[in-house]
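Understanding the architecture of this molecule
The chain contents come next:
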Amino acid sequence: MDNAVQLKEAGNQYFQANDYENAIKSYSKALDDAKDKSLQAVLYRNRAACFLKKENYTQAASDASRAIDINASDIKALYRRSQALEKLGKLDQAFKDIQRCATIEPRNKNFQETLRRLGAHIQEKLRVQFSTDARVQQMFEILLDEKSEKEKREKAANNLIVLGREEAGAERIFQNNGLNLLVRLIETKSPELILAAVRTLSGMCTGHKARATAVLHVLGINNICLWMSIDHEEISLAVSNLLQALIDSLAAEGKNEEHGKEDALVLDTKKDLKAITMHLLNMLPSKKVSGQGRDRALNLLNKNVPRKDMRIHDNSRTLFVIDNGLKKILKVAGQNPDMPNCLPLTENTQLTASVLLNKLYDDLRCDPERENFRLTCEDYIKSNINPQDMDKTVHAIQTVSGVLQGPFDLGNQLLGMKGVMEMMVALCGSEREIDQLVAVEALIHASTKLSRATFVITNGVTLLKEMYKKTQNEKIKIRALVGLCKLGSAGGTDYGLRQFAEGSTEKLARQCRKWLCNPAIDTRTRKWAVEGLAYLTLDADVKDDFVEDEVALQAMFELAKTTDKTILYSVALVLVNCTNSYDVKEIVPELVQLAKFSKQHVPEEHPKDKKDFVTKRVKRLITAGVTSALVCMVKADSAILTDQTKELLARVFLALCEDAKDRGTIVAQGGGKALIPLALEGTEVGKIKASHALAKIAAISNPDIAFPGERVYEVVRPLVGLLNTERDGLQNYEALMGLTNFSGRSDKLRQKIIKEKALPDIENYMFENHDQLRQAATECMCNLVVNKEVQERFIADGNDRLKLVVLLCGEDDDKVQNAAAGALAMLTAAHKKLCHKLTEVTTQWLEILQRLCIHDKVDIQHRGLVIVYNLIHADHELAKKLVGSEMLEILTIIGKQADDPKRQHVLNVARECLVKCMDYGLIKPVSPP
């Protein structure tokens, strides 16, 4: 026998043994040796069968085609090629092949059935394609016809947006000259049509690199930025979302996308991404750009330039922005709305620029990069400080303020530059009120840390007091007061480190509250009143008075809900102070004695910072409607909602959720929903605090109400994240309680808990020495064992899971016993194998079961009897074991008891066990006397 035939036989044997890899190797070697054409055809079609099994359809179709080239009537090769082509989506070609098969063998039912199925598929595909094409054309006709009815146009616009979000629809729009038609819609200048076009384009770009590239080049980045610059909030936001969709799709690495023929194109998107960044930077200093447009550009830079993860080494995008745009960002940060040549701004623009400066500075990897950043900032400020031109000097000092609100340490270095402090003092003494305003704000931002504040206290307090007394301008007065508030709070919560005389702090706070509640004062100035309270509420007297002032609370909540997001941090800080949800260092008595002995300062707690006062304040805030204000703050889609602010909000939420009675109110006002993003993004501490608040809500609420719809599945991950030995016992316990509640709702939720890899952690807590943790974990497992995947874990050999549950049934703790018995009842009901396994895992099994069956708690007794019922029904031998023990006597005594509605379910199970034993012939019915 020649070598090629031997190799073919070997390949056939491998194929029958399902070893397709070796089968392919054998057929390939045989093809190298085979000279006979008919043998080659067999080898190709056999290898095609292997590739089909391995789901490599392209190769399968190729090999089948080679066999068909040799023999056009090779029915097996034709059928295999048809199968491969169908999987590749080439239905019309697959149909032709199966048609030839059916012609050669008309009686083959398999061929006839496949022919019918493919025919139906093709018809449906053509119907959808033609109807979609017609719909696309019809929609554009309605939209571009000015005479169309308004209702028809609105419907067509909405349909177009929906179609753009679906892969097939997006492709049809694209193939039907859709891009040019969408550009025409934008050119109509009608806001409704522009919005429809932009939103459709966003859908078309999402997750599709080739279409995104086409959209970018047809529309042009210049035009996109121009549309984003207009002073129309909805359009500006929609264009910003389009740009984000473009960036996401262009930056996507190795995502599987259906490009059809475009697969062959290798799209180099780096140039496009650079061009987008450059255009966004050029928008910042342009007078033609609206305030909203500038905010959008800053937000896009904040979101897409600095690295998301510091473990990624490449920070080239940040370096590119610093080289090409740092001075442009500084220009925005240094704007003053009261100056005649100020750029169009919103109330959020400058703080967003400061946040961007901070993110860029944090993203730098080494000292030379930071040095370059500092020198660029210094050059910019030096070029603007000019004693002869006060307008330029005001811009320079305002820029220093902007940096102080971003990378604070860098701002401090800039303060130390020659001439900066001198110019601040000069501005304080200026006749122009605008100069005084800028100088006071700079002083406030300069005194953020205690070490810095002590310096400013010695130099700046006198200046601020002078300005406060002399000025008639309310704006300057309030800012000077906030400066004094800030300096006065330099001691933090330490009661013994007060900077001002007794009663001064309350006096300042009263004044701040007065300004806060005065609607005649502009929002920007009232915001400074909240800023002052953010420092003063470190004093317990102040916070106690503040939460009693219903009008002041409402005024602050209303400010938090406005479009001005620069207030978020200050409001969050006030609430953290009022709820005492900041971290407090534990005071060790021995160290206090030691400090007193060595005449060191010992931190003191204010009497009103004790627990009952804090609880009272929390209740007052909930009654005043703090939750709806927090929900509104969390929704802010802005770079100003920094990770630090998110952490503060999470701390407040956790404090509010402390009392179980308040959680219903928090859920009713949207608190459950608002906590999810806080638990998934932000600082590590913030995420843990938010997750803990979620656990408190999840433990006692109906999940369908607290987290309606699909949202409930997002809560599982934060809860599982708390099952960690690094977290404290209360966090572990409440997370387990939340998961117990969820796992009792639906199998989909149980599946989600399993997917998040929670099972090993839950099992570990079942071993815990802590009674409550062990109980919570066992109750959670009791709900989870309904799931087939969890049952498989118990059936698997080589683990002690079942043994642990059996031993937990013998615990003294009723709640642990009850949960473990419930789990065991469900497991033994689901699998006979587990009934046998139960009797093998421990020698104590029978004793434990007997204890359950005579338990004085009805629920536990019922669960014990159900386990016995399951064992008896599982197998004759198991029933025999039980009848040969004291269990028979227990069952007989229970079974003979008189009917009792409260215990009827227990009596019924015992009687059913006895009936089954009679059926087996293990016991005889007692004959009546």
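The model shown is predicted, which means the values in this text are computed figures rather than measured ones.

Secondary structure assignment for the protein yields 52 helices and zero strands. Its C-alpha radius of gyration of 37 Å places the protein more than 25% over the 30 Å reference for a compact globule of 929 residues. By principal-axis analysis of the C-alpha atoms, the protein measures approximately 105 × 85 × 60 Å. Evaluated residue by residue, the protein yields a buried proportion of 53% over its 929 residues. As displayed, the protein has an accessible area near 44,800 Å², and 51% of this comes from carbon and sulfur atoms.

Residues Phe 373, Leu 516, Phe 707, Phe 742 and Ile 762 are the most contacted members of the largest nonpolar core, which totals 256 residues. Setting aside anything within four residues of it in sequence, one finds Phe 742 in contact with Ala 698, Pro 703, Phe 707, Val 712, Val 715, Val 716, Leu 719, Leu 749 and Ile 753.

This part is about the packing of helix H33 (residues 626-634) against helix H34 (residues 643-656). Relative to each other, H33 and H34 sit at 150 degrees, their axes nearing to 11 Å. Judged on the interaxial angle alone, H34 and H33 are roughly antiparallel. The two elements H33 and H34 cross, and the hand of that crossing is left-handed. Along its contact with H33, which presents Val 626, Thr 627, Leu 630, Met 633 and Val 634, the element H34 presents Leu 649, Val 652, Phe 653 and Leu 656. When its residues are assigned to classes, the contact of H33 with H34 shows eight nonpolar, one polar and no charged.

Taken as a whole and judged by the stated rule, the model has four aromatic pairs. Taken together, a centroid distance of 6.2 Å and an interplanar angle of 75 degrees make the contact between Phe 707 and Phe 742 edge-to-face. Here the residue Phe 707 occupies a position in the loop between helix H38 (703-706) and helix H39 (711-721), and Phe 742 occupies one in helix H40 (residues 729-743), the gap between them amounting to 35 residues. Both residues of the pair, Phe 707 and Phe 742, belong to the buried class. If you follow Lys 916 out to its NZ or CZ, it ends over the ring of Tyr 920, 5.2 Å from the centre.

In this section: the side chain of Ser 401. Relative to the helices and strands, Ser 401 resides in helix H20 (residues 390-404). Leaving out residues up to four positions away in the same chain, Ser 401 has contacts with Glu 441, Ala 442 and His 445.

On to the side chain of Arg 651. Relative to the helices and strands, Arg 651 is located in helix H34. At 2.9 Å, the side chain of Arg 651 and the backbone oxygen of Ser 581 are in polar contact. Leaving out residues up to four positions away in the same chain, Arg 651 has contacts with Val 576, Ser 581, Tyr 582, Asp 583, Val 685 and Lys 689.

Let's shift gears to the environment of Ser 286. With respect to the element layout, Ser 286 can be found in the loop between helix H15 (270-283) and helix H16 (291-304). Residues Ser 286 and His 862, spaced 576 residues apart in sequence, show a C-alpha to C-alpha distance of 77 Å. Apart from the residues lying within four places of it in its own chain, the contact partners of Ser 286 are Arg 294 and Leu 343.

Right, let's get into helix H3 (residues 37-53). Taking 1.5 Å as the rise per residue, H3 with 17 residues should run 24 Å; its terminal C-alpha atoms sit 25 Å apart, in good agreement. For H3, the tally of buried residues reaches 13 of 17 residues, placing the bulk of the element in the interior. Of the residues trailing H3, Glu 55 is marked for its positive phi of about 60 degrees.

A few words now on helix H27 (residues 523-536). Over its 14 residues, H27 runs 20 Å from end to end, which matches the ideal 20 Å to within 8%, given 1.5 Å per residue. Burial runs high along H27: 12 of the 14 residues are buried. Residues of H27 that are buried include every one of Thr 525, Arg 526, Lys 527, Trp 528, Ala 529, Val 530, Glu 531, Gly 532, Leu 533, Ala 534, Tyr 535 and Leu 536, and no others.

So, about the pattern of salt bridges. Using the criterion set out here, one finds 44 salt bridges in the structure. We note a salt bridge from Lys 8 to Glu 9, for which the minimum N-O separation is 3.9 Å. The class of Lys 8 is buried, set by a relative accessible area of 17%. Note that Lys 696 is salt-bridged to Glu 734, the shortest N-O span being 3.0 Å.

With that out of the way, let us pick up a positive patch on the surface. A contiguous patch of positive charge, built from Lys 303, Lys 308, Arg 317 and Lys 359, is present on the exposed surface. Tracing the backbone shows Lys 359 in helix H18 (residues 349-362). The class for Lys 359 is partly exposed, based on a relative accessible area of 34%.

Even without a glycine there, the phi angle at Glu 55 is positive, about 60 degrees. Looking at the secondary structure, you find Glu 55 in the loop between H3 and helix H4 (57-70). Not every positive phi belongs to a glycine, and Asn 580 is a case in point at roughly 50 degrees. Note on placement: Asn 580 falls in the loop between helix H30 (568-578) and helix H31 (589-597). In this structure Asn 580 comes out as buried when scored by relative accessible area, which is 17%.

On average, residues of the protein carry a pLDDT of 85, and 91% of them reach 70 or more. Here residues 450-454 is modelled with pLDDT under 50, and outside its nearest four sequence neighbours on either side it reaches 10 contacts, counting other chains as well.

With respect to the secondary-structure elements, Asp 2 resides in the segment before helix H1 (3-16). The class of Asp 2 is partly exposed, set by a relative accessible area of 45%. Once the C-alpha coordinates of Asp 2 and Gly 207 are considered, the two residues, 205 residues apart in sequence, prove to be 54 Å apart.

The description of two packed helices rests on the angle between their axes and on the distance between the axes. Packing of helix H17 (residues 316-333) against H20 leaves a shortest axis separation of 8 Å and a crossing angle of 100 degrees. Classified by the interaxial angle, the pair formed by H17 and H20 is roughly perpendicular. Side by side, H17 and H20 meet where Leu 330, Lys 331 and Ala 333 of the first sit next to His 395, Gln 398, Thr 399, Gly 402 and Val 403 of the second. Residue composition of the contact of H17 with H20, grouped by class: three nonpolar, four polar and one charged.

What counts and what doesn't
Residues numbered from 1 in each chain as written. Predicted model: local features only at pLDDT ≥ 70, side-chain atom pairs only at ≥ 80, totals over all residues. Heavy atoms only, no water. Helix = DSSP H or I, 4+ residues; strand = E, 2+ residues; numbered from the N terminus. Rg over C-alpha atoms; globule rule 2.2 N^0.38 Å. Buried < 20%, exposed > 50% of the residue type's maximum accessible area, 1.4 Å probe, protein only. Areas by Shrake-Rupley, 256 points an atom, 1.4 Å probe, with all protein chains shown as cover. Core = buried A, V, L, I, M, F, W, Y, C linked by side-chain atoms within 4.5 Å. Contact = heavy atoms within 4.5 Å. Axes fitted to C-alpha atoms, helices over the stretch in contact; angles between N-to-C directions. Parallel < 35°, antiparallel > 145°, perpendicular 65-115°, else oblique. Left-handed = near helix turned anticlockwise from the far one by under 90°. Nonpolar A, V, L, I, M, F, W, Y, C, P; charged D, E, K, R; others polar. Phe/Tyr/Trp six-rings, centres within 6.5 Å; stacked < 30°, edge-to-face > 60°. Lys NZ or Arg CZ within 6 Å of the ring centre and 35° of its normal. Polar contact = N/O pair within 3.5 Å; in protein donor to acceptor, adjacent residues only side chain to side chain. Expected span 1.5 Å × (residues − 1). Salt bridge = Lys/Arg side-chain N within 4 Å of Asp/Glu carboxyl O. Patch = residues over 30% accessible without salt bridge, like charges linked within 9 Å, V, L, I, M, F, W, Y side chains within 5 Å. Lys, Arg positive; Asp, Glu negative; His and termini not counted. Charge placed at Lys NZ, Arg CZ, Asp CG, Glu CD. pLDDT = per-residue confidence, 0-100.

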